[in-house]
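Spelled out, the chains give:
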Amino acid sequence: MHSCGLWATRFSILVGDNMIIYVNGRLVSAGEYVLSPLDHGFLYGHGLFETMRAYNGRIFRLEDHLQRLETAAVLLNWPELPGRLELSDAINSVLKHNDLCNASVRLTLSRGIGAPRPDAASCGQLTVAVFALPLPPSLPAEGWRVATVKLRRNLSSPLVRIKSANYLDNILAKAEAKRLGAHEALMLNTDGMVAEGSMSNIFLVKSGRIVTPDDDSGILLGITRQIVIELARNAGIPVDIRQVKPEELAGADEIFLTSSIMEVIPVAALDGRPIGDGLAPGLLTLKIAQLYREFAQKE
């Protein structure tokens, strides 16, 4: 049985060498496993990943995450992935052996070991790794500060729609936002329209309507994003999915972000300016956050 109340005291242990991880069918300590320098995930960022949240020992929307992973693997012309049951068992074993029930879980797949040149055909078996950690600290009560960054989502690249291990754009965007005193980056796309955060999808609220960038805006099709859209519509809240201009954010009544781990994240300020009346989180953001928590716990 998972000891949910012990995660805080075990944090310093879990992030060290004693953390149990899954790699290619084996459970090993994090300090024991050595990645091959010829693994193409290491050499070229040729990999995929999913970050998922466990509630009470169960992964929320696991099938959706695995479906997105499989779709991305087809795009990259990978061989067949391990079966869903095998991946599910791997995730459950990591949660169990680390004594975690409410956790952040990362599933990573690399194209595997190959020749030291960018030739995917030289690779053999995929590398599969899973680890889990306690959830990060709670959000600030007032929400996050967001800063618009210079780096843009490339609409001509199919990689903007998948969770690729080649994550340098996101890292650079997040670092720029941090230098600007923000918690998260807002990335526009190469057409100058709103795309997403470096690690989140974005929504704005205007006159009781929720607006979010559409699928062609250079965004990752977030699992949490889709659930929020469905929950809002089921609650009778109008939702517009379309191209969004940056100036619309400046005039928004509320802004919030979504991610699998942090759920619904209120935005207190954008580029140093308070959102709406400055009393974040807004009422509609709070309602969406409550609906999401209730839905996640019920599922």
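One structure accompanies this document, and this report is about it. (Residues numbered from 1 in each chain as written. Predicted model: local features only at pLDDT ≥ 70, side-chain atom pairs only at ≥ 80, totals over all residues. Heavy atoms only, no water.)

**Describing the overall build of the protein**
Alright, step 1. A count of helical and extended segments in the protein gives eight helices and 15 strands.
Alright, step 2. Whereas a compact globule of 299 residues would reach a radius of gyration of roughly 19 Å, the protein reaches 20 Å, a difference of no more than 12%.
Alright, step 3. If you line up the protein on its principal axes, its C-alpha atoms span 55 × 45 × 35 Å.
Alright, step 4. Split into buried and exposed, the 299 residues of the protein put 48% on the buried side.
Alright, step 5. Of all intrachain contacts in the protein linking residues separated by at least 6 positions in sequence, the fraction that spans at least 24 positions is 71%.
Alright, step 6. Of the roughly 14500 Å² of accessible surface on the protein, a fraction of 56% belongs to carbon and sulfur atoms.
Alright, step 7. Charge-centre separation for the protein: the mean point of 30 positive side chains lies 2 Å from the mean point of 32 negative side chains. (Helix = DSSP H or I, 4+ residues; strand = E, 2+ residues; numbered from the N terminus. Rg over C-alpha atoms; globule rule 2.2 N^0.38 Å. Buried < 20%, exposed > 50% of the residue type's maximum accessible area, 1.4 Å probe, protein only. Contact = heavy atoms within 4.5 Å. Areas by Shrake-Rupley, 256 points an atom, 1.4 Å probe, with all protein chains shown as cover. Lys, Arg positive; Asp, Glu negative; His and termini not counted. Charge placed at Lys NZ, Arg CZ, Asp CG, Glu CD.)

**Details of the pattern of salt bridges**
Alright, step 1. Applying the stated criterion across every chain yields a total of 14 salt bridges.
Alright, step 2. Arg84 serves as the salt-bridge partner of Glu63, at 2.4 Å between the closest nitrogen and oxygen. Placement of the pair is Glu63 in helix H3 (residues 62–75) and Arg84 in helix H4 (residues 84–97), with a sequence separation of 21 residues.
Alright, step 3. What makes Arg84 partly exposed here is its relative accessible area of 27%. (Salt bridge = Lys/Arg side-chain N within 4 Å of Asp/Glu carboxyl O.)

**Section: the packing of aromatic side chains**
Alright, step 1. Applying the stated rule across the entire model yields five aromatic pairs.
Alright, step 2. A ring pair is formed by Phe49 and Tyr167, whose centres lie 5.3 Å apart and whose planes are at 80°; its orientation type is edge-to-face. Taken together, the positions of Phe49 in strand E3 (residues 47–55) and Tyr167 in the loop between strand E7 (144–148) and helix H5 (168–179) put the pair 118 residues apart, joining distant regions of the chain.
Alright, step 3. By relative accessible area, which is 4% here, Phe49 ends up buried.
Alright, step 4. Since its relative accessible area comes to 23%, Tyr167 is described here as partly exposed.
Alright, step 5. Ring pairing ties together the aromatic residues Tyr55, Phe60, Tyr292 and Phe295, which thus form one cluster.
Alright, step 6. Across the ring face of Phe49, the terminal group of Arg106 is positioned such that the distance to the ring centre comes to 3.9 Å. (Phe/Tyr/Trp six-rings, centres within 6.5 Å; stacked < 30°, edge-to-face > 60°. Lys NZ or Arg CZ within 6 Å of the ring centre and 35° of its normal.)

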